[in-house]
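Fold and contact review
Each chain, written out:
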Amino acid sequence: MNVDKAKKRIAKQVRKGFHGYPLISLEYFGKTPDSATKVVVSFISEENSEPQIQSFASNNDAREDETIQSTLVKIIERADAKTVVEVEGVSTPD
């Protein structure tokens, strides 16, 4: 899947807002706010349950990595996520 198409599909899910569980949360991490080298995906099946966490790393910006973005779309679809949350920006070490 084209990286732009994948990013648009993820953004569309994020814009829908909270619609219950299962919930998927996406957070990007990097050394600087300009480049995300890692994305952490948290899956919460129901309220008050422990999240299942999976991460993906990239040598380049993970937000522009076609394989990672396509995988995120597949995870969202396969989990039948009712809510998708994306932490804005890139989290950096303090």
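Refer to the structure printed above.
Worth saying up front: this structure is predicted, and the values here are computed from it rather than measured. For every chain, the first residue of its written sequence is number 1, and the numbers climb from 1 along that sequence. With the structure being a predicted model, the display of local features is reserved for residues of pLDDT at least 70 and the display and counting of side-chain atom pairs for 80 or more, all residues being used for whole-chain, interface and lining totals. To obtain the side-chain values, all non-hydrogen atoms of the structure were included, while hydrogens and water were left out.

1. Some words on the overall build of the chain
When you go through the chain residue by residue, the secondary structure sums to two helices and four strands. Put simply, DSSP H or I for four residues or longer makes a helix, DSSP E for two residues or longer makes a strand, and each gets a number counted from the N terminus. Of the regular secondary structure in the chain, the N- to C-terminal order runs α-β-β-β-α-β. The globule rule used for comparison is 2.2 Å times the number of residues to the exponent 0.38, while the radius of gyration itself is calculated over C-alpha atoms. A globule of 94 residues ought to have a C-alpha radius of gyration of about 12 Å, and the chain, at 13 Å, matches this closely. With the C-alpha coordinates aligned to their principal axes, the bounding extent of the chain is approximately 35 × 30 × 20 Å. Across the 94 residues that make up the chain, the buried fraction comes to 32%. Note on contacts: a residue pair qualifies if any of its non-hydrogen atoms lie within 4.5 Å across the two residues. Counted over contacts in the chain with a minimum sequence separation of 6, partners at least 24 positions apart contribute 60%. When the accessible surface of the chain is summed, it comes to about 6,100 Å², and 46% of that surface belongs to carbon and sulfur atoms. The buried label applies to any residue whose accessible area, calculated with a 1.4 Å probe on protein chains only, is under 20% of its type's maximum; exposed applies above 50%, and partly exposed to all values in between. Per-residue and other accessible areas were derived by the Shrake-Rupley procedure at a 1.4 Å probe size, with only the shown protein chains allowed to occlude residues.

2. Structural notes on the sheet that holds strand β2 (residues 38-44)
Paired strands are those between which DSSP finds at least two bridges. Strand order in the open sheet formed by four strands is β3-β2-β1-β4, and the pairing between neighbours is mixed. Edge positions in the sheet fall to β3 (52-57) and β4 (83-91), since each of these pairs with one other strand and no more. In this sheet, adjacent strand axes meet at a mean angle of 15° when their direction is disregarded. Fitted lines through C-alpha atoms give the axes, limited to the stretch in contact for helices. The angle between two N-to-C directions lies from 0 to 180 degrees.

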